[in-house]
Each structure stands twice: as structure tokens, then as C-alpha cells.
Amino acid sequence: MRTAYSVETVRAAERELMARLPEGALMQRAAAGLAAACADVLGRVYGSRVVLLIGSGDNGGDALYAGARLARRGAGVTAVLLAPERTHPGGLAALRRAGGTLVTPGAAEQIVRRADLVVDGIVGIGGKGGLRPDAAPLAELAADSRAAVVAVDLPSGIEADTGEVLGAAVRADLTVTFGTHKPGLLIDPAREYAGSVRLVDIGLELPDQAELEALQHADVAARLPVPGAASDKYRRGVLGVAAGSARYPGAAVLAVSGALRGGAGAVRYVGPAGDAVIAAFPETLVSDKGPHKAGRVQAWVVGPGAGDDASAVAEVLAAEVPVLVDADGLRLAERGAVRARSAPTLMTPHAGEAAALLGVSRAVVEGARLASVRELAGLYGATVLLKGATTLVADAGGGVVRVNSTGTAWLATAGSGDVLSGLAGSLLAAGLSAVDAGSVAAYVHGLAGRFAADGAPAGAHDVASAIPAAWRDIRD
Ligand SMILES: NC(=O)C1=CN([C@@H]2O[C@H](COP(=O)(O)OP(=O)(O)OC[C@H]3O[C@@H](n4cnc5c(N)ncnc54)[C@H](O)[C@@H]3O)[C@@H](O)[C@H]2O)[C@@H](O)CC1
Ligand SMILES: Nc1ncnc2c1ncn2[C@@H]1O[C@H](COP(=O)(O)OP(=O)(O)O)[C@@H](O)[C@H]1O
Ligand SMILES: [K+]
């Protein structure tokens, strides 16, 4: 499991560790890891040109000590000081001793243009509210230069706790982060500014419960349902899919395509697209009666392509089994009916659907994804999976939020969300909790998207076809 902790938690852990260590030891650990990462980026340190962008806090201190290490290995190191009189004194002295040069921001343009590497030590977890006007031009210079950009702890200007980007921010090729990931490094839009992320262990002791967690292959493998000798199709779980309409029969087909590859023992389809479903997947149990007459299921998916059939949504919500609500179902589901449910509910909106439910614009949700998913989960008393380039899954009760980024932008294709809802529904029917079903499905679906696309456009049905390969890759 990859975890991320809030600034407050990181600060508390740092205080505790610093009290046990000689003064400055923690910063030396950070600087050593940072310098090693910079050396890897440079390839050859000797003779390289390194520019440090230095703010007034400890983030700048890390960068200065790392710069001193690089200077001792023969790099030409220049530090641009945003606030010379408030610069970390120890770091400044170390760089001076190592032969580094100090300049003011006025001289930055010239030297950044010729740099091989720019190190962003403007601001770290102490930053708030986007880069200040004096620092913002430095971020632009770094973006315009041909140099590699390495961010110290996090790209300056992003919000560490939320992943929001409130103004100008540095765009890094690599972020070297200390002690733990910060939520902003894993959540869009800030995640995009971080580039790849390298974690340097500085010995922080962190609490069991993180702010954010991202499943890895082994975590997913441990959660995937696998049949045993005692399994039969009913014990594996039966999923009901109430989806599709005369206008959108394909949504039903795609939801079933995901469901059949999600580990349930059988899939029942209820709705007006039975012929299309059977034609594509003859193994589906098709019923033309309403959901409550369809026979027993262990979970329901309702909503993909459902048009305006509010009664099917209400019927499914009245069932005492886990329910996944997607697409049109989100609009048709009565909040009170969702809140009144005792079995788990998993809602799977994209940003536009989440925005409609919250009564805000899509841009608001996209800019503040963590707050939005939590708010929606609280509002409906449900587990919410917010789709996008990174997918977030939050429980109503608060606590840790799961984040997934296995996907690819090729997944932004019509119907891929229907495949996801079938897949996640199947995992619910197989007995996974709503958070596990949602986050495991997002992980597998993202990987399947990568396999299906492999650098070229793929349709949603290709994504569904690639689920078994993703599944095998995870269990390997
Ligand atoms: N506390 C520790 O023991 C350790 C801290 N470390 C480093 O220390 C950093 C935190 O240091 P600080 O608490 O000094 O804080 P920062 O260095 O992150 O930032 C604080 C300074 O930045 C300025 N600032 C705040 N918001 C700004 C904005 N939007 N634009 C421009 N300037 C802004 C403030 O005036 C303040 O002087 C971490 O991110 C990490 O890099 C590491 O050395 C590891 C050990
Ligand atoms: N830029 C992106 N990068 C990665 N995954 C994406 C991106 N855009 C969308 N996705 C994923 O693709 C799927 C699209 O679902 P959705 O928006 O519901 O589409 P549809 O309604 O057409 O089925 C979701 O799983 C989402 O997380
Ligand atoms: K930084």
C-alpha cells in the first residue's frame, strides 16, 4: 500500500523524531537523498550546471545542502535567493563553503536558461495559497528552460493536503519527497505538476491510518475473489444489472461485459436491452420483469444508459444488498432513499455528475477532488468513487480515502465507465466492501485500459476484453 499523510501529521512526526536526533540530522538525511536523486537525473555531476531556487524556509535549506553536495562533486551550483536575509543560514554557509554562487532573482533568467538542472526549493509543506508574486516568475523560468526540474518535497505552489493548485506552481520532472507521500502528490490536478515521485526515507514514524492510500499490485491481488473447490456460481455471488434503454442498449452490454469479468458467478440482466445483451453475452441470465422479480442477487448495478427509468432505480435502492449507482442512476436516485439504505451503496460519478449532485460547476469538482468526493459521500451517506485521471474512493464516515492512478487518458472514451460499473458491481456481489470493490475495480480497469490501448485508441469493449489480462498480471 502506498500511503500519504497530511502536513499536520508529518509535522508531528518530524517534531518527535527531531527531539531524538542531533540538530540538523533530519535535514541532512533529506539533503543526501535529494542530492542522490539529482545526481541520477544529471547522469554526470562533474561539470554540470545546477540552479537552486531558494525560498525562505527549510525547503530551501534542503536544496542548499543538496546543492553543496553536488558542488563538492564538481557541479557548478548557483543559488537564486528569493529572500537573502531569511535564507536558511546553515544551508547557505554550506553552499558557500562548497564553492557555490549566490545571486538575486534579477539574475535568474540568464542562468536558468543555461542550466542542466533546476532544483525547486522555493517552498515545501509550509506553503499556502499558490506561489507568491515574487516566486511565480521563477516557476515560469523553470518551465521555459530545457533543464530538468527536480522539486524538493513537493512542487512549489501546490496544496500539499488537497492536490489543489491555486495559482502558479512549479512543474517538475521529478519530485523528491521526504518521509511520506503528501496527498497532493497523488491527486489531480497537483499530481501532474509533480512528475515522477521518489520517496526518501528519513525515519519518520507515522500513525497507522493515513490520509490517503493507493493500492499496489499485492494489495489488489489479496482482494481479488478467487473460486475454490467449494465454490458454485451462486456462492461466488450473482450480480444484477439494471441498465440500458431503447436509446442506449450498448450501456447495458458494456456494463455486463465488465460484470462477467469481475468475479461474480453469474450476471442477471434486467431491462429493455435484453436482446442486445444476450447477443453479445449468451451466458447472461436475462429477465424482462422489474428488478425485484428478477431472482436473487448479491449486489446490483443500476443506472448506466438507463435514461429516465426512475422506478428501476427506486426498486434497486429498496433491495437489501449492496448497490452500485452510476450514470443516469445518479440523477434519478433520491438522496433520502440512498441515505435510508442499510446495505452498502457505491456511487460512481465522473466530475460532471458529481458537480450536478453537489450543485456546483464541474471546474469546482475538478479543482478540489478530495473535498468533493468527501462531501458527496457525507451528503448521501454512501461510498463515492469519483472518476477521472485519478480516481478517488471515499467512505461516508470519513477516514482514509483510496486513490488510483493506474489508468491512461485513452480510457476517456464513451462507455468505459459502464465497463467499470459492471466490474465494480461484480466485486460487490463477490463480497468485497464498497471501498474495496470500488478501488480494486478502478485499479483493474485502469490497467486493462493500458493493456487495451497500448499507445493507440481503444474502445470500451476493448477495455473489457483486456480485464482478464490485467487480472492475470496482478495475480502473477
Ligand atoms: N521539519 C523538518 O525536520 C524537516 C523539514 N524538511 C523540509 O522543510 C520543509 C518545510 O519547511 P518550512 O516549515 O520551513 O516551510 P517551507 O520551507 O515549506 O516554507 C516556508 C516559507 O515559505 C514562505 N511561503 C509560504 N507560502 C508561500 C507561497 N505561497 N509562495 C512563496 N513563499 C511562501 C513562507 O514565508 C515561509 O518562510 C519541508 O517541505 C521539507 O522540504 C526536510 O528537511 C526534512 C526535515
Ligand atoms: N484522462 C484520464 N486518464 C485516465 N483515466 C481516465 C481519464 N479520463 C477518464 N478516465 C477514466 O475513464 C472512465 C470514464 O468513465 P465515464 O466518464 O463514466 O465515461 P462513460 O460515461 O462514457 O462511460 C473512468 O473510469 C475514468 O476514471
Ligand atoms: K519545493
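You'll find the structure just up there.
Just so we're clear, the structure is a prediction, and the values are computed from it rather than from any experiment.

J.: For this particular structure, what's the right way to read the overall build of the chain?
T.: From N to C terminus, the chain includes 20 helices and 18 strands. A globule of 476 residues ought to have a C-alpha radius of gyration of about 23 Å, and the chain, at 25 Å, matches this closely. Counting the 476 residues in the chain, one finds 57% classified as buried. Long-range pairs, those at least 24 residues apart, make up 67% of the contacts in the chain with a sequence separation of at least 6. As presented, the chain carries roughly 19400 Å² of accessible surface, and 50% of it is formed by carbon and sulfur atoms. Computing the positive centroid from 44 side-chain charges and the negative centroid from 48, the chain places the two 4 Å apart.

J.: Mind showing me how you'd approach helix α17 (residues 416–429) here?
T.: Side chains that are three or four residues apart share a direction in an α-helix, a result of its 3.6 residues per turn. When the terminal C-alpha atoms of α17 are compared, their 20 Å separation across 14 residues agrees well with the 20 Å that a helix rising 1.5 Å per residue should span. In terms of burial, α17 is a largely internal element, 14 of the 14 residues being buried.

J.: I tried to follow the coordination of the potassium ion (ligand 3) on my own but got confused; where do I start?
T.: Six octahedral donors around a metal ideally sit at 90 or 180 degrees from one another, while four tetrahedral donors ideally sit at 109.5 degrees. Protein-derived ligands of the potassium ion (ligand 3) are Asn-59 (OD1), Asp-120 (O), Val-123 (O), Val-152 (O), Leu-154 (O) and Ser-156 (OG), with the metal-ligand distances lying across 2.7 to 3.0 Å. Geometry at the potassium ion (ligand 3) is irregular, judged from its 6 donor atoms and the angles of 63 to 168° they form at the metal. When the donors of the potassium ion (ligand 3) are listed by position in the chain, the intervening gaps give N-x60-D-x2-V-x28-V-x1-L-x1-S. Taken together, the positions of Val-123 in the loop between β5 (117–121) and α6 (136–144) and Val-152 in strand β6 (residues 148–152) put the pair 29 residues apart, joining distant regions of the chain. Overall, Val-123 belongs to the partly exposed group, its relative accessible area being 21%.

J.: What exactly am I supposed to notice about the site of ligand 1 here?
T.: Every one of the 23 residues lining ligand 1 counts as a neighbour, but Ser-56, Asp-62, Gly-124, Gly-130 and Asp-153 are closest to it. A distance of 2.8 Å separates a nitrogen atom of ligand 1 from a polar atom in the side chain of Glu-14. Protein coverage of the free-state accessible area of ligand 1, which is 860 Å², stands at 87%. Within the residue set of the shell around ligand 1, elements represented by two or more residues are α1 (7–20), α2 (25–42) and α3 (58–72). Across the shell around ligand 1, the residue classes tally to 9 nonpolar, 7 polar and 7 charged.

J.: Help me understand the pattern of salt bridges in this model?
T.: A side chain with one charge can pair with a side chain of the opposite charge if their charged atoms come near. Scanning the entire structure with this criterion turns up 18 salt bridges. Measuring nitrogen to oxygen at the nearest pair gives 3.1 Å for the salt bridge that ties Asp-328 to Arg-331. Linking Asp-328 with Arg-331, this pair stays in helix α12 (residues 328–332), spanning 3 residues, or about one helical turn. Across the pair Arg-362 and Glu-366 runs a salt bridge whose closest N-O atoms are separated by 3.1 Å. With Arg-362 and Glu-366 both in helix α15 (residues 362–367), this residue pair falls 4 residues apart, about one helical turn. By relative accessible area, Arg-362 is classed as partly exposed at 43%. It is possible to trace a salt-bridge network through shared partners that takes in Glu-213, Arg-223, Arg-402 and Asp-436.

J.: How do you make sense of the site of ligand 2 when you look at a structure like this?
T.: The environment of ligand 2 is made up of 17 residues, and the closest members are Lys-387, Gly-388, Thr-408, Gly-415 and Gly-417. Within the backbone of Gly-415, one N or O atom sits 2.8 Å away from an oxygen atom of ligand 2. Asp-418 places a polar main-chain atom, nitrogen or oxygen, 3.4 Å from an oxygen atom of ligand 2. Across the complex, the protein chains shield 77% of the 580 Å² of accessible surface that ligand 2 would expose by itself. Considering each element in turn, the shell around ligand 2 owes the most residues, 4 residues, to α17. Residue composition of the shell around ligand 2, grouped by class: 6 nonpolar, 9 polar and 2 charged.

The rules we used
- Position labels on residues start from 1 in each chain and follow its written sequence.
- Here the convention is simple: chains get letters from A, ligands get numbers from 1, in the order in which they are written.
- Local features in a predicted model are, by the rule used here, given only for residues with pLDDT of at least 70; side-chain atom pairs are given and counted only at 80 or more, and totals for whole chains, interfaces and linings are based on all residues.
- Side-chain figures throughout are based on the complete set of non-hydrogen atoms in the structure, without hydrogens or water.
- Numbering of helices and strands runs from the N terminus, with a helix taken as a DSSP run of H or I at least four residues long and a strand as a DSSP run of E at least two residues long.
- In this treatment the radius of gyration is a C-alpha quantity, and the globule benchmark scales as 2.2 Å times the residue count to the 0.38 power.
- We call a residue buried when its accessible area falls under 20% of the maximum for its residue type, exposed when it is over 50%, and partly exposed in between, using a 1.4 Å probe and counting protein chains only.
- Two residues qualify as a contact provided that any one of their heavy atoms is within 4.5 Å of a heavy atom in the partner residue.
- Surface exposure here means Shrake-Rupley accessible area, sampled with a 1.4 Å probe, where a residue is shielded only by the protein chains that are shown.
- Counted as positive: Lys and Arg. Counted as negative: Asp and Glu, with His and the chain ends omitted from the count.
- Charge coordinates come from a single atom per side chain, which is NZ of Lys, CZ of Arg, CG of Asp or CD of Glu.
- What a helix should span is 1.5 Å times the count of its residues minus one.
- Think of the donor list as every N, O and S atom within 2.8 Å of the metal, or within 3.2 Å for Na, K and Ca; water never makes the list, so a site can look incomplete.
- Only four donors with every angle between 85 and 135 degrees are called tetrahedral; only four or six donors with opposite donors over 155 degrees apart and all others between 65 and 115 are called square planar or octahedral, in that order; all others are irregular.
- To be near a molecule or strand, a residue needs just one of its heavy atoms within 4 Å of it.
- N or O atoms closer than or at 3.5 Å make up a polar contact, with two conditions inside protein: a donor-capable atom paired with an acceptor-capable one, and, for residues adjacent in sequence, both atoms drawn from side chains.
- The residue classification treats Ala, Val, Leu, Ile, Met, Phe, Trp, Tyr, Cys and Pro as nonpolar and Asp, Glu, Lys and Arg as charged. All others, Gly included, are polar.
- Criterion for a salt bridge: a side-chain nitrogen of Lys or Arg within 4 Å of a carboxyl oxygen of Asp or Glu.

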